[in-house]
Each structure stands twice: as structure tokens, then as C-alpha cells.
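Residues per chain are reported as follows:
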Amino acid sequence: MNSLASSLFKQRHNGAEEIDLNPFTLAFRDGREPEFLNNYFKDSLLQFRTAFLLLILLYGGFGFLDSIIVPELKQYFYLIRFGIVIPVFLSVFILSFFPFFQKYWQSLLLISFVIAGTGITLMLVAEPENYAYYGGMMLIFSAGYFFIKLRFFYATIAGWLTVIVYNIGAIFFSGSDMELILNNNFFYVAANLIGMFAAYNIEYFARRDFYLNQELDERKAEVEHANQTLEKKVQERTAQLRKAKEQAEQSDKLKSAFLANMSHEIRTPMNGILGFSQLLLEAENEEERKEFVEIINKNGMHLLSLINDIIDLSKIEVGMLNIQNSEFSLNHLIEEASVLFRNNSKVQEGKIKLNIYKSLEEGDDVIIADRTRLKQIFINLISNAFKFTNKGMVEVGYVLRTHSLLCYVKDTGVGIKEEDQEDIFNRFMQANLTHRPEFEGAGLGLAISEAFVQLMGGKIWVDSTPGEGSTFNFTIPFQQGTQPLFKYLKVDNTTMDTNWNNKVILVAEDVSTNYLLIKTALKKTNVGLVWAKNGQEAVDECRKDQQIDLVLMDVRMPVMDGYEATRQIKKMRPGLPVITQTSYAMDGDREESIRAGCDDYISKPFEIKDLMEMIARHFHLEK
Ligand code: ADP
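Here goes a summary of the coordinates provided. (Residues numbered from 1 in each chain as written. Predicted model: local features only at pLDDT ≥ 70, side-chain atom pairs only at ≥ 80, totals over all residues. Heavy atoms only, no water.)

## Let's talk about the environment of Ile273
Topologically, Ile273 is positioned in helix H8 (residues 178–281). With residues up to four places along the chain from it excluded, the contact list for Ile273 reads Ile296, Asn299, Gly300 and Leu303. (Helix = DSSP H or I, 4+ residues; strand = E, 2+ residues; numbered from the N terminus. Contact = heavy atoms within 4.5 Å.)

## Considering helix H10 (residues 330–339)
Burial within H10 is extensive, with 9 of its 10 residues counted as buried. Burial in H10 covers these residues: Leu330, Asn331, His332, Leu333, Ile334, Glu335, Glu336, Ala337 and Ser338. The inward-facing, buried residues of H10 abut strand S1 (326–329), strand S2 (352–358), strand S3 (366–369), helix H12 (371–387), strand S4 (392–400) and strand S5 (404–411). (Buried < 20%, exposed > 50% of the residue type's maximum accessible area, 1.4 Å probe, protein only.)

## Comments concerning unusual backbone geometry
Positive phi values are uncommon outside glycine, yet Lys149 reaches one of about 75°. Examined against the element boundaries, Lys149 turns out to sit in the loop between helix H6 (131–147) and helix H7 (152–174). The exposure class assigned to Lys149 is partly exposed, which follows from its relative accessible area of 21%. Of note, the phi angle at Asn526 is positive, near 60°, even though the residue is not glycine. Here Asn526 lies in the loop between helix H14 (512–522) and strand S9 (528–532).

## Let's talk about the sheet that holds S4
Strands sit in the order S2-S4-S5-S7-S6 across an open sheet of 5 strands; the sheet is mixed. The open sheet is flanked by S2 and strand S6 (460–465), the only strands paired with a single partner. With strand direction ignored, the average angle separating the axes of adjacent strands in the sheet is 10°. When S6 meets strand S7 (residues 469–477), the two strands line up antiparallel, connected through 6 bridges. Each residue of the ladder has a partner; that of Thr465, found in S7, is Gly469. (Pairing = 2+ DSSP bridges. Axes fitted to C-alpha atoms, helices over the stretch in contact; angles between N-to-C directions.)

## Structural notes on a nonpolar patch on the surface
A surface patch of nonpolar side chains, about 890 Å² in accessible area, is lined by Phe153, Ile157, Leu161, Ile164, Ile168, Ile171, Phe172, Phe173 and Met178. Relative to the helices and strands, Phe153 is located in helix H7. (Patch = residues over 30% accessible without salt bridge, like charges linked within 9 Å, V, L, I, M, F, W, Y side chains within 5 Å. Areas by Shrake-Rupley, 256 points an atom, 1.4 Å probe, with all protein chains shown as cover. Salt bridge = Lys/Arg side-chain N within 4 Å of Asp/Glu carboxyl O.)

## Examining the nonpolar core
Core analysis: the largest hydrophobic core is formed by 56 residues, its most contacted members being Phe52, Tyr59, Leu109, Tyr166 and Tyr188. At the level of elements, helix H2 (33–61), helix H4 (74–95), helix H5 (101–126), H6, H7 and H8 are the ones that each hand at least two residues to this core. Apart from residues no more than four positions distant in its own chain, Phe52 is found in contact with Phe89, Val92, Phe93, Leu109, Ser112 and Ile148. Counting 45 residues, the second largest nonpolar core, distinct from the first, contains Met262, Leu330, Ile377 and Leu381. (Core = buried A, V, L, I, M, F, W, Y, C linked by side-chain atoms within 4.5 Å.)

Right, here's the structure in full:
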């Protein structure tokens with residue numbers, strides 16, 4: 001049956017074999033059955049009721065024939081029709097208005113079918129010679145299979161049961177001859193077979209329609225869902241684009257503001273330098289001259305730090321920023337960074353107290369990190385703290401955590417509003433860019449500091465309450481070192497011995513202004529100077545003049561550069577201290593200096609005071 005049916009339907013409908021049905025009962029095997037039955041019931045109810053009403057009328061109507069054909073049996077037949085079959089039909093019809101009907105309706109229809117057939121059989125037993133009742137039986141089959149909406153499986157049972165009932169009646173009770181019974185059986189079996197195939201087909205296609213409709217609904221739902229997702233995606237994308245556009249506009253605005261600000265930042269010190277250098281020519285007395293020079297110097301320093309920031313930023317932008325690790329004392333580094341602020345007017349006037357908190361003992365505080373960058377971060381943060389604090393204190397310090405150092409700069413200044421706390425780390429962004437013009441700054445310091453911290457493998461963040469103050473925290477991985485590369489000796493300014501009349505310094509420097517600067521700076525120390533205009537001359541001088549106590553070595557020089565010269569000098573006189581003067585922007589200089597064997601390095605432009613201290617340290621070490 002299965003293969004017969006499937007080959008039958010395969011021909012009729014491509015893809016129908018995908019439907020998973022029990023070939024005998026036609027029930028869905030994939031869980032759709034309850035829903036199908038529910039639908040089938042709802043769709044069939046009207047037709048079933050109409051069919052039953054009509055059948056009641058017909059079953060009753062044929063009673064008219066009884067009175068003509070078999071008036072003598074009329075009462076008996078009427079009893080069958082009006083006393084048994086029609087009441088059964090009517091009851092089932094009435095039951096169909098109750099909710100439980102749906103559960104039993106197919107069984108009730110099956111019973112109705114068999115009872116209607118049994119009714120006709122009874123008539124046939126009583127009146128075997130009359131053809132009209134054979135026809136009646138055919139009508140029962142056709143109504144049972146096609147009209148009352150009995151499902152294939154139930155109809156088949158009912159159909160064959162009826163045939164069996166007929167045969168029992170005909171063979172055992174009617175006494176009609178075998179030929180007639182056989183003849184009738186031919187018709188009834190044929191009617192049943194036709195009914196079965198037709199009912200099978202009808203139900204199969206009803207189920208296929210249901211299946212395809214469901215599939216269609218599913219696809220429709222999928223398409224709808226895809227549509228919705230698509231729509232949502234489009235909306236999301238639109239929102240993203242809008243945001244990107246806003247960001248681009250914002251960044252555009254920031255850049256314009258940055259340029260305007262930068263132009264102001266550069267022009268202001270330039271103005272000071274150019275203006276006061278003209279005034280210097282006309283200065284009336286020594287005091288005025290000193291004041292003007294100080295202003296020029298201050299503005300120059302300011303400009304220098306701005307240029308350094310811009311260079312750093314460009315390096316960050318092109319991804320050229322490298323970490324140069326070395327071993328150094330963290331305590332000394334913090335001292336160095338904060339010492340610059342001891343002379344700050346707010347400290348001098350007693351408005352701000354500068355505290356330093358070092359949690360590691362001298363000796364334990366040697367770490368491996370990028371010293372220059374770390375110092376720069378501290379200087380940026382301390383300088384901000386001073387800029388935004390008018391009274392109270394600024395504290396610089398660090399504490400050791402499990403695998404990292406937590407460094408901080410804390411102030412009791414104006415604080416930062418919650419909504420600005422993330423933005424201030426963006427380049428060009430000043431929290432007060434639009435609303436607090438009284439604080440100067442290019443807005444680069446924190447962006448640069450953040451890039452440095454991240455490069456070192458740490459994090460930076462701010463805790464702040466407006467009106468109370470801010471704490472800038474950053475972490476760096478803690479890697480303990482053993483030996484600081486450059487020895488740091490604290491030299492007390494007041495007792496610094498700067499009478500070096502018995503010392504000789506060799507200055508290797510190709511630019512005469514720079515030599516002049518050093519010469520003038522060192523004049524009051526009475527130190528003896530030898531000027532070498534390139535690396536080769538420096539080497540020659542050292543070979544020639546055993547008196548030289550220290551070398552100040554420029555890096556970029558014609559003929560032979562400072563590194564090569566240092567290498568050769570160190571080979572000749574390992575004990576002779578060599579200090580390289582490096583230019584800030586070049587990252588590798590420090591490491592290159594160390595490799596070449598230099599004892600110390602100072603970046604240009606340097607503070608005269610720093611140079612003096614460094615030289616003093618080495619003279620002191622020598623002793
Ligand atoms: P700049 O100081 O040149 O403006 P920064 O990147 O260093 O640039 O700082 C960005 C902004 O962050 C500052 O303009 C200021 O609004 C805010 N800020 C930074 N440090 C502090 C601080 N210690 N207290 C209050 N505000 C600060």
C-alpha cells in the first residue's frame with residue numbers, strides 16, 4: 001500500500017513524498033497530526049451536519065417506497081427507519097453541538113455508517129428479491145465514503161463491516177440463493193474498493209494541502225522575520241552611520257578648535273619671545289634685563305614642551321611610538337619629576353603643599369620600564385594638577401600591587417564633571433574647551449599619557465569630584481630590576497662644589513652657538529674647556545690630552561658621530577666619564593648612548609642647572 005500509494009502520488013505531485021504520513025492511517029508522523037485533526041474537524045463540521053440532515057430526509061423519504069413496494073412490511077421497515085436509524089442520525093447530529101463531540105465524532109460516524117448499513121441489511125433479509133434495497137445499500141456506501149466526512153481509515157472499517165453484516169444477514173437469515181448473494185457481493189466489494197481509493201486520495205490531498213499551507217506559513221514567517229531583521233539591521237546601520245557622521249563632525253569641530261587653540265598656544269609664547277627680545281635691546285638696567293630674559297626663557301620652555309607634545313602625538317598617530325626599557329630607581333624618577341614643581345609660585349606662596357609618597361625603600365625601587373615616558377606621564381599629570389588647583393595639596397606617589405605598580409597624582413583642585421571624565425583622554429579634547437577659556441593648554445597631555453601607559457601595558461583613569469579634586473591613576477606592569485643603569489646622586493644645590501678650576505672638560509660640538517652656550521654657562525666654574533668640532537677631533541684630543549676629566553659629547557656631528565667617538569674614547573680611557581647630549585625627539589638615542597658606553601645622557605635643550613648638576617655628580621663620583 002505504501003509503495004503503491006507513494007508511486008501513485010509521486011507522479012501527481014513532485015515533492016509530496018516529503019510529507020511524512022503513516023501509509024495506512026494517513027496520520028502525520030511528524031507531530032502535525034493534532035493540528036491537522038483540529039482543522040479537519042472545523043472544516044468538516046458544516047458538511048457533516050448538512051450531510052446528516054440530508055441523509056435523515058433521504059432515509060425517511062425512501063420510506064415512501066416501502067409503502068408502495070412492500071406494504072405488508074411497511075411497519076417493520078418504518079420501525080427500522082424511524083425507530084432506529086433516523087434517531088441514531090439525529091442523536092449524532094445533536095451531539096455535534098457539544099464540545100466533547102470533536103473527540104468522538106469519527107467513531108460516531110463509523111457507528112452511524114454501520115447502523116445505516118445494518119438497517120438496509122435488515123430490510124434486505126426481509127425482502128431479498130427487491131432490487132431497490134440493493135441500490136439503497138450502494139447509496140449507504142457512497143454516502144459513508146464521500147459525503148459524511150468520515151476519514152479514510154474509519155470509512156474503510158465501516159464499509160467492510162457493513163459488507164460482513166450484509167453477508168451474515170443474507171447467508172444465514174434471508175435464504176436467498178447463492179448466485180444473488182455473490183452478485184451483490186461483487187457490487188458491494190467494488191463499491192468499497194472504489195470508496196477506499198477515492199477516500200484515500202481525498203484525504204491524502206487534504207493532508208497535503210494542509211502540509212503545504214503550513215510550510216507556506218512557515219516560509220512566510222521566515223521571510224517576515226528576515227524582513228524584520230533586515231529592517232532592524234538597516235535601522236541599526238543607519239544609527240551607526242548617523243553616529244559616525246556625528247563623530248566625524250565632532251572630530252572636525254575638535255580639530256578646528258585644536259588648530260585655533262594650537263595657533264594661540266604657539267603665538268602666545270612666540271609673542272613673548274619676540275617682544276621681549278626686542279625690549280631687551282632697550283632695557284634700562286640690569287634688573288629689567290634679567291626680568292626680560294627670564295620671560296623669554298620661560299616662553300621658550302613652554303614652546304619646547306608644546307613641540308615635544310606635537311612630536312609625540314605624531315608618533316602615536318603613525319604608530320611609531322616604541323618602548324625603551326631600562327633599569328632605574330622609581331623613587332629618583334618621582335623626585336626628578338616633582339622637583340621641577342618645587343619652585344612653582346603656588347608652592348612658594350604656600351597655597352599648595354606638594355607631597356610625595358614612595359612606597360618602596362631605596363634599593364628595592366629599581367624597576368624595568370621606559371624611564372623617559374614614565375617621567376613624562378608624571379610631569380604631565382603633576383603639571384595638570386598644578387594648573388587646575390589653587391589651594392590645598394598635590395600628592396604624587398605609587399603603591400605596589402600584586403603584579404603592577406599603581407601610580408597616582410592627586411589634587412584638591414577644580415575637579416572634573418562625570419560626563420567629561422572619559423573625554424579628557426581624547427586628543428584635542430579639553431573638558432573645558434568651550435566653557436573655561438582661562439586655563440591654557442593644547443589638550444594633548446592626557447591623550448599622550450594614555451598612549452604611553454597603554455603602550456607600557458597599563459591603564460589610566462581618573463577619579464574626580466567637581467569642587468573637591470581629582471586623582472589620576474595609572475598602572476604599569478611591575479618588573480623589578482637590580483641595578484640602575486645611570487647612577488643618580490643627589491646633589492645639594494646649596495653645597496654643590498662648582499669650583500672646577502683644576503678640571504678640564506672636552507666639549508664635542510659642531511654648532512658654534514651651542515658651544516658658546518656651554519662655554520658661557522660654565523664660565524663661572526673656572527673649568528678648562530677643550531672644543532672639538534667633530535667626533536674625530538674629540539678622539540684625537542683625548543689621545544693627546546691626558547688631562548681631560550670629562551667629555552660632553554654631541555651625537556650628530558660631521559666626520560665621526562658621537563657614538564663612534566665615545567666607543568673609541570672608552571676603548572682608550574674606560575674611566576673617563578662621557579655624557580651624551582641627545583635631542584629629545586629621537587627615541588633610540590638613550591639606548592644607543594648606553595650601548596656606546598656613555599655614562600650619562602642629557603637631552604637638548606637642557607637647563608643649565610641640570611647640566612651643572614650632572615657634571616658635578618660625575619666629578620663627585622670620580623673622587
Ligand atoms: P591640557 O591640560 O593641555 O588642556 P590635557 O590633555 O592635559 O590637556 O588635559 C585635558 C583636560 O583635562 C584639561 O583641559 C582639563 O579640562 C582636564 N584636566 C586634566 N587634569 C586635570 C586636573 N588635575 N584637574 C581638573 N581637570 C583636569
